[in-house]
Amino acid sequence: CFPLNVVGRDSLQFSLLTCAPGEMVYELFGHTAIRCRNFTKGTDLVYNYGMFDFDTPNFVMRFVRGETDYMLGVVPFDYFEREYAFRGSAVKEQVLALEEYETHWLDSLLRDNYLPENRVYRYNYFYDNCTSRARDRIEQALNGDVMYPPGVKGATFRSWVHQYTKNHPWTDFGISLCLGAEADRPISSRLQMFLPDNLRQAMNHATVHGIGDMSIRKLVKSETEILPSMKEGVEEDSAFPLTPMQTALVLLALV
């Protein structure tokens, strides 16, 4: 149900921001955020479900185990843009093709989610993360059902994770140790959207099927690269000179 008093308010435009992976463990899979431009008030804000406390004890272990509390943060777009420009990470923007009442309903949902009692959530990088939360809020604001293209047949959580951690052998080793048998079962196209770039590609081909009027429209109006990548290639993790396999062979030889 949509509130009747949302139509006729500020002129809003929402878009999905997809950020390329970084080098830290919490950056390896990329990032997703929602941008809200208010042309009436002249504001440009980013709703970011990826905020967390760096001082959390045992952060890396808690992150890998999916026991980290994240929160929704709101920052000016130019601040968000400068942060990723400093990292040298590419950022792509997909402007959403929303009706006027849908933009105001999404604005209301995000504002409500930002209330102190609602903004903190238990992060899980498979089932409940910055990407899935952004997707769910957008879907919640739509007056219709979203149809996405099929995902990669036979893909699993582990196969997707490995693509992003293969140049970080110790991180890959640690995450692989923590993943159970569930990570090796084929997952649906929706679950494959736990990765920012997977969601970006799915959104480009997504359609909204109206309820009652049988209308069909594309969910994304346009896509642009607002920040190019400043990295020449993916660097391998050099924090420790030996890979897990090499370390195991050295221990075997010593024993």
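This text goes with the structure placed above it.
### Section: the sheet that holds strand E3 (residues 43-51)
Now for step 1: Taken in spatial order, the seven strands line up as E6-E4-E3-E2-E1-E5-E10 in an open sheet, and their pairing is antiparallel. At either end of the open sheet lies a strand with only one pairing partner, and these are strand E6 (120-123) and strand E10 (220-227). When strand polarity is set aside, the average angle formed by the axes of neighbouring strands in this sheet is 25°.
Now for step 2: As defined by bridge partners, strand E4 (residues 68-76) adjoins E6 across four bridges and the pair is classed as antiparallel. Within E6, the residue paired with Met71 across the bridge is Val120.
Now for step 3: Contacting strand E1 (12-19), strand E2 (31-38), E3 and E4, helix H3 (residues 100-113) crosses the sheet at an angle of about 60° to E1.

### Here's the deal with the packing of H3 against helix H4 (residues 130-141)
Now for step 1: Two numbers describe how H3 lies on H4: the axes approach to 8 Å, and their chain directions differ by 135°. Taken together, the axis directions place H3 and H4 in an arrangement best described as oblique. Pair H3 / H4 crosses with right-handed handedness. Taken together, the residues of H4 that come into contact with H3 (itself represented by Glu102, Trp105, Leu106, Leu109, Leu110 and Asn113) are Arg137, Ile138, Gln140 and Ala141.
Now for step 2: Looking at the contact of H3 with H4, its residues break down into six nonpolar, two polar and two charged.

Basis of the calculations
Starting afresh in each chain, residues are numbered from 1 along the sequence in its written order. Selection of residues for local features in this predicted model requires a pLDDT of at least 70, selection of side-chain atom pairs for listing and counting requires 80 or more, and totals for whole chains, interfaces and linings are taken over all residues. Side-chain descriptors were evaluated using all non-hydrogen atoms of the structure, hydrogens and water having been removed beforehand. Whether two strands pair depends on DSSP finding at least two bridges between them. Numbering of helices and strands runs from the N terminus, with a helix taken as a DSSP run of H or I at least four residues long and a strand as a DSSP run of E at least two residues long. Axis angles are defined between N-to-C directions and span 0 to 180 degrees, where every axis is a line fitted to C-alpha atoms and, for a helix, only to the segment in contact. Any pair of residues with heavy atoms lying within 4.5 Å of one another is described as a contacting pair. Just so you know how the angles are binned, under 35 degrees is roughly parallel, over 145 roughly antiparallel, 65 to 115 roughly perpendicular, and the rest oblique. Each crossing gets its handedness from the near helix: less than a right angle anticlockwise from the far helix is left-handed, clockwise is right-handed. In this classification, the charged set is Asp, Glu, Lys and Arg, the nonpolar set is Ala, Val, Leu, Ile, Met, Phe, Trp, Tyr, Cys and Pro, and all remaining amino acids, among them Gly, are polar.

So yeah, pure geometry; function would need other evidence.
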